[in-house]
Amino acid sequence: EARWVLERLPELGISIDNVTQQLEDEGVEKFNKPFDKLMETLPNVGVELKGKTGNRVDCMLADKAAGGAAPPREASPAPAGVKPE
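Residues numbered from 1 in each chain as written. Predicted model: local features only at pLDDT ≥ 70, side-chain atom pairs only at ≥ 80, totals over all residues. Heavy atoms only, no water.

S.K.: How would you explain the overall build of the protein if you had to name every residue and give the values?
M.R.: Across its full length, the protein holds three helices and zero strands. N-terminal to C-terminal, the α/β element order of the protein is α-α-α. In the protein, which comprises 85 residues, the share counted as buried stands at 5%. For the protein, the exposed surface amounts to about 7800 Å²; the carbon and sulfur share of it is 58%. (Helix = DSSP H or I, 4+ residues; strand = E, 2+ residues; numbered from the N terminus. Buried < 20%, exposed > 50% of the residue type's maximum accessible area, 1.4 Å probe, protein only. Areas by Shrake-Rupley, 256 points an atom, 1.4 Å probe, with all protein chains shown as cover.)

Written as structure tokens, this is what we have:
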């Protein structure tokens with residue numbers, strides 16, 4: 001039935017290629033706007049985190065946002081019962 005409907009679309013003046021392109025364009029636009037806004041706010045969030053106790057990712061973001069280098073990575077401890085290599 002789906003094939004039959006798709007085959008009849010051109011008879012109705014509907015181009016599946018045009019519809020698909022329009023949906024893709026609108027989807028990309030709806031993603032880009034909030035993504036761009038998020039990217040604009042990330043440096044400010046990092047500065048706000050600077051000096052606060054948080055997890056390692058928070059601290060690294062804060063250091064990066066403040067223009068500093070990320071701290072060197074430390075080895076994570078091995079889980080209980082596992083010997084480190």
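The discussion continues.
S.K.: Quick one: what's the story with a nonpolar patch on the surface, residue by residue and with numbers?
M.R.: Together, Leu6, Leu12, Ile14, Ile16, Val19 and Leu23 line one region of the surface with nonpolar side chains, adding up to about 550 Å² of accessible area. The leading source of residues in the nonpolar patch is helix 2 (residues 16-49), at three residues. When you line up the elements, valine 19 lands in helix 2. (Patch = residues over 30% accessible without salt bridge, like charges linked within 9 Å, V, L, I, M, F, W, Y side chains within 5 Å. Salt bridge = Lys/Arg side-chain N within 4 Å of Asp/Glu carboxyl O.)

S.K.: Pulling in residues and values, what's your account of the packing of aromatic side chains?
M.R.: Per the stated rule, a full pass over the model turns up one aromatic pair. Here the aromatic rings of phenylalanine 31 and phenylalanine 35 are separated by 5.4 Å at their centres, their planes lie at 20 degrees, and the arrangement is stacked. Within this pair, phenylalanine 31 and its partner phenylalanine 35 are both found in helix 2, separated by four residues, close to a single helical turn. (Phe/Tyr/Trp six-rings, centres within 6.5 Å; stacked < 30°, edge-to-face > 60°.)

S.K.: Report on the pattern of salt bridges, specifying residues and quantitative values.
M.R.: Per the counting criterion, the structure on display carries two salt bridges. With a shortest N-O distance of 3.3 Å, lysine 33 and glutamate 29 are connected by a salt bridge. On the criterion of helical spacing, the pair formed by lysine 33 and glutamate 29 is a turn pair, its members being four residues apart in helix 2. By relative accessible area, which is 43% here, glutamate 29 ends up partly exposed.

S.K.: How would you summarise the confidence of the model for the protein if you had to cite specific residues and measurements?
M.R.: Summarising the model, the protein shows a mean pLDDT of 74, and 51% of its residues fall at 70 or more. Put simply, helix 3 (residues 56-65) is where the protein has its lowest mean pLDDT, 57, and helix 1 (residues 2-8) is where it has its highest, 93. (pLDDT = per-residue confidence, 0-100.)

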